[in-house]
Structure formats: structure tokens, C-alpha cells
Amino acid sequence: MRVLVVGGGAREHALAWRLREDGATVLAAPGSDAMATLAERVPLTDPKDIASWADQGRLDLVVIGPEAPLAAGLADRLRQRRIPVVGPNQAAARIESSKTWSRAFCRHHGIPGPRFGVAKELPKDLPVPCVVKTDGLAAGKGVVVVREEGDLARARALAGPYIIEELLEGKELSVFALCDGRGFSLIGDARDYKRLLAGDDGPNTGGMGAFSPVGEADLRQIADTVIAPAVDGMAAEGCPFVGFLYAGLMLTAEGPKVLEFNARFGDPEAQVVIPRWKAPFAEMLVAAAHGALGGATVEMSAEHAVGIVLASPGYPDDPQPGQRLPELPEDGLIFHAATVRRPDGWYTAGGRVLTAVGLGPSRDEARARASALAERCRFARAQWREDVAR
Ligand code: GLY
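The model shown is predicted, which means the values in this text are computed figures rather than measured ones.

Quick notes on the rules
- Residues numbered from 1 in each chain as written.
- Predicted model: local features only at pLDDT ≥ 70, side-chain atom pairs only at ≥ 80, totals over all residues.
- Heavy atoms only, no water.
- Helix = DSSP H or I, 4+ residues; strand = E, 2+ residues; numbered from the N terminus.
- Rg over C-alpha atoms; globule rule 2.2 N^0.38 Å.
- Buried < 20%, exposed > 50% of the residue type's maximum accessible area, 1.4 Å probe, protein only.
- Contact = heavy atoms within 4.5 Å.
- Areas by Shrake-Rupley, 256 points an atom, 1.4 Å probe, with all protein chains shown as cover.
- Lys, Arg positive; Asp, Glu negative; His and termini not counted.
- Charge placed at Lys NZ, Arg CZ, Asp CG, Glu CD.
- Pairing = 2+ DSSP bridges.
- Salt bridge = Lys/Arg side-chain N within 4 Å of Asp/Glu carboxyl O.
- Near = heavy atom within 4 Å.
- Polar contact = N/O pair within 3.5 Å; in protein donor to acceptor, adjacent residues only side chain to side chain.
- Nonpolar A, V, L, I, M, F, W, Y, C, P; charged D, E, K, R; others polar.
- Axes fitted to C-alpha atoms, helices over the stretch in contact; angles between N-to-C directions.

Some details on the overall build of the protein chain
A count of helices and strands for the protein chain gives 11 helices and 21 strands. In terms of overall dimensions, the protein chain is globule-like: its C-alpha atoms have a radius of gyration of 20 Å, near the 21 Å expected for 390 residues. Along the first, second and third principal axes, the C-alpha atoms of the protein chain reach 60 × 45 × 40 Å. Counting across all 390 residues of the protein chain, residues that qualify as buried make up 58%. Within the protein chain, residue pairs in contact and separated by at least 24 positions form 65% of the contacts whose partners lie at least 6 positions apart. Of the accessible surface of the protein chain, which amounts to about 16,200 Å², a share of 48% is contributed by carbon and sulfur atoms. Each charge class in the protein chain was averaged separately, 45 positive and 50 negative side chains, and the resulting centres sit 2 Å apart.

Okay, here's the thing in C-alpha cells:
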């Protein structure tokens, strides 16, 4: 089976690793130096170019990792060419790419969420506390939690239109489903660590670590009250969702409520969910792309997984790449996000550099292994959170 993975971050590295483990021939556009050890690289990023190349690529499947090519309509272009794709069309990707569309969709289909309003301009008398979100994709920088007057300036710096939401209290949980347009299979839950510093301090990031399973919620209930109405609702609106649906939830006293939907796998959540997946991964993805999941359930390993992200000094505001990495261990699960290989070794090449993943029979053991692995990958002035999964 020939599979093209679109993207080049740690999430795509994990996808490619797992597809390769399942015996697929993997290609990656554009991939990364690290992915080149298990995939043939296709040096393309523009959706038009990828779609034209895919026509001649004799592909059995394309798996799209990041949100930007989904929002740009790459899946539509591939489906027009009858190439099986895991990734929603542009219209379905609005569940992530337009927060106003997504909130209206949830309200219309009875999916639980915070009270909210939409505004072109931020009102002068913004209720505090609240959450202010910008409408479009913002690479994790489009949400400001306004807990006190001092947070208002950051909210006002966002571009409109805005969604102003009730601030929900509770613990966050990410739940993932593989969808085939008509149905879905739950593929695991995870908790990620969005703030830079231990104790949930510092600025928001793309994610500094994650663990799976979380085990604090009834996933069947979430499937019934959140995922099923979303999948049915998308089909009813004429934009069936095929791909990874990511529900970012708050576990409130009134039950789980949707903070956001994403139209893709999470990063770093994918790095801890994918290694726990027992079912033949490639076959399930092909079935989803063909609308043929048929209610299949994905068996997850009882093992726990913890992923620790190593980030460059200065991340997230002003990452300083170019640090030399030590000799990387070959016996650990290391998913690269931003590294380059030079003749004399590996160097950092961006903000989030890699995710070190530990597996174990308990969360504590998985964390100890992830921590030991992160130590062995440590580069000068690396930032990481020591409290991931504590
Ligand atoms: N870890 C958060 C995200 O992937 O959006």
C-alpha cells in the first residue's frame, strides 16, 4: 500500500512511523529530514501542486496532518481526482477554520458548549471573566482567556470577528474519532499541556506534552452527546466529515462541553495516542477514506503513553534554533517536529523540536521513561515541562 502523508511535524512523523510499522510504503510532502528515514520525501507544500503530483503518484491513500492544507481545500482537490483521503473537505474543515461557523453548528445540532455571542468589534464593557476567540485559524494564538481586566489588552490585540464565550471551569480533555462521513470509531483520549511552564504558567503554546489514556470521563457518553451529533450534523449539512475529528472538551459539573472542534489529529496528542492503537492502522484509515468503517471499534493497548515536548530557547515568541542535538537514542520513540540533519549530526530548526514518548504499564512508568528519553535528547537551553502527566 502506498500512502502519502501531508505535513512534516511530529504528528506526521508519528503517522508515518505507524503506517510504516503496518507495512505501508510511505511518502511525505514535504516531510522532514527525520521522516526521510522511513518515507520518501516529495518536496511540495502547495495544495495545487500536491494534488497534481498525487494524480501520478499511484497512491492508495493520502493522510493530511495539519489544518492549513485542509482549510485550503487539498482534500477536495484529491477527491475530485478520486484519490482516497483521510482529511475533511474545505466545507467540513470549517468546524475548525471558522469558529463562528463551528459554534453556530454546535448550537444548531444540540452539542453542549459554553454560552457565546459573536461580534465584529469587541464591546467596551466586555464581561469579565470570559474567553475571546478570533474567527479564523491562528496557529494556537487566537484565544485569550480574560480572567481579569489586565487580560483585556491581549484580547483587544486579536483580529475580529470575535466569539465571546462564557469561561468554563473544569479539567480539559481531548477526544479523537476517526470518521468516514457517516459514522466514526473512537480512537482514544489525551490531555495536553498548552502552557509553556510547569504549573500551567507562562504563555500558550502549540502543546508542551500529553498523556493518554486520561481515564476521567465516560468516553461512550462523549461519543453519544458530542461526536455522534457532530458527525450526523455534518452529513445533514451536506459536508460529511471524513478524517480525524478532535473534540477539545471541558469536563464541567454539568457534563462535558465542547471548547473547540479541530478537523485533524492533535499535536502532541497524536504522538501518545497513535502508539497505543492496536488495530491495523493503515487498513482502518483506508476504510475511513472509503466511507466503510462499518462501526469498527479500535482496540487500544492497555499501556499508558506520555509525551514530553522539547522546545527551543525563546519558544513560543522568539525561538532560537540552530542548537546541536546529542546522539539520539535509537531505542526510544522520538518524533521530530523541527530538526535538520547536517553532515555532523542533528540540529534544532524551529520552536517545538521533538516529542519524546514513553510507554509503560502505568502513567508513572510511562512518565519516567519519557523523562529519561527527554534527558537523552536534551540540547543547550532546551525548554520542557517536568510536570507532564504528574
Ligand atoms: N495540542 C493542541 C492542538 O493540536 O491543537
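Structure shown, so let's carry the discussion forward.
Focus on the pairing of strand β17 (residues 304-311)
A large share of β17 lies buried, amounting to 8 of its 8 residues. Direction of pairing for strand β14 (residues 209-212) relative to β17: antiparallel, over a ladder of 4 bridges. Each bridged residue has a counterpart across the sheet, and for Ala210 the counterpart in β17 is Gly307.

Regarding the pattern of salt bridges
Where side chains of opposite charge bring their charged atoms close, a pairing between them can arise. With the rule as written, the count across this model stands at 26 salt bridges. With a closest N to O distance of 3.9 Å, Glu166 and Arg115 form a salt bridge. One end of the pair, Glu166, is in the loop between β9 (162-165) and β10 (171-180); the other, Arg115, is in the loop between α6 (99-108) and β6 (116-119), and 51 residues separate them in sequence. On the basis of relative accessible area, Arg115 is assigned to the exposed category, the value being 63%.

Considerations on the site of the ligand
Close to the ligand lie Asp192, Gly206, Tyr246, Asn262, Arg264, Gly266, Asp267, Pro268 and Glu269. One of the side-chain nitrogen or oxygen atoms of Arg264 is found 2.8 Å away from an oxygen atom of the ligand. Asp267 is positioned with one of its backbone polar atoms (N or O) 3.0 Å from a nitrogen atom of the ligand. Looking at the shell around the ligand, its residues break down into 2 nonpolar, 3 polar and 4 charged.

Looking at the sheet that holds strand β16 (residues 255-262)
What links the strands of a sheet is backbone hydrogen bonding, and the strands pair in either a parallel or an antiparallel sense. Read across the open sheet, the 8 strands follow the order β16-β15-β10-β11-β14-β17-β21-β18; overall the sheet is antiparallel. Whereas interior strands pair on both sides, the edge strands pair on one side only; in this sheet they are β16 and β18 (333-336). Averaged over all pairs of adjacent strands, the angle between strand axes in this sheet comes to 25°, irrespective of strand direction. Packing against the sheet, helix α8 (residues 219-236) makes contact with β10, β11 (184-192), β15 (242-252) and β16, and its axis sits at approximately 115° to β11. Each of β14, β17, β18 and β21 (352-360) is contacted by helix α11 (residues 363-377), which is oriented at about 145° to β21, the strand it contacts most.

Description of the environment of Ser52
Along the chain, Ser52 turns up in helix α2 (residues 47-55). Expressed as a C-alpha distance, the spacing of Ser52 and Pro256, which sit 204 residues apart in the sequence, is 42 Å.

What about the sheet that holds strand β2 (residues 25-30)?
On the basis of which strands lie adjacent, the open sheet formed by 5 strands has the order β3-β2-β1-β4-β5 and parallel pairing. At either margin of the open sheet sits one strand with a lone partner, and together these are β3 (40-41) and β5 (85-86). As defined by bridge partners, strand β1 (residues 2-7) adjoins β2 across 6 bridges and the pair is classed as parallel. Across the sheet, the residue bridging to Val3 is Val26, located in β2.

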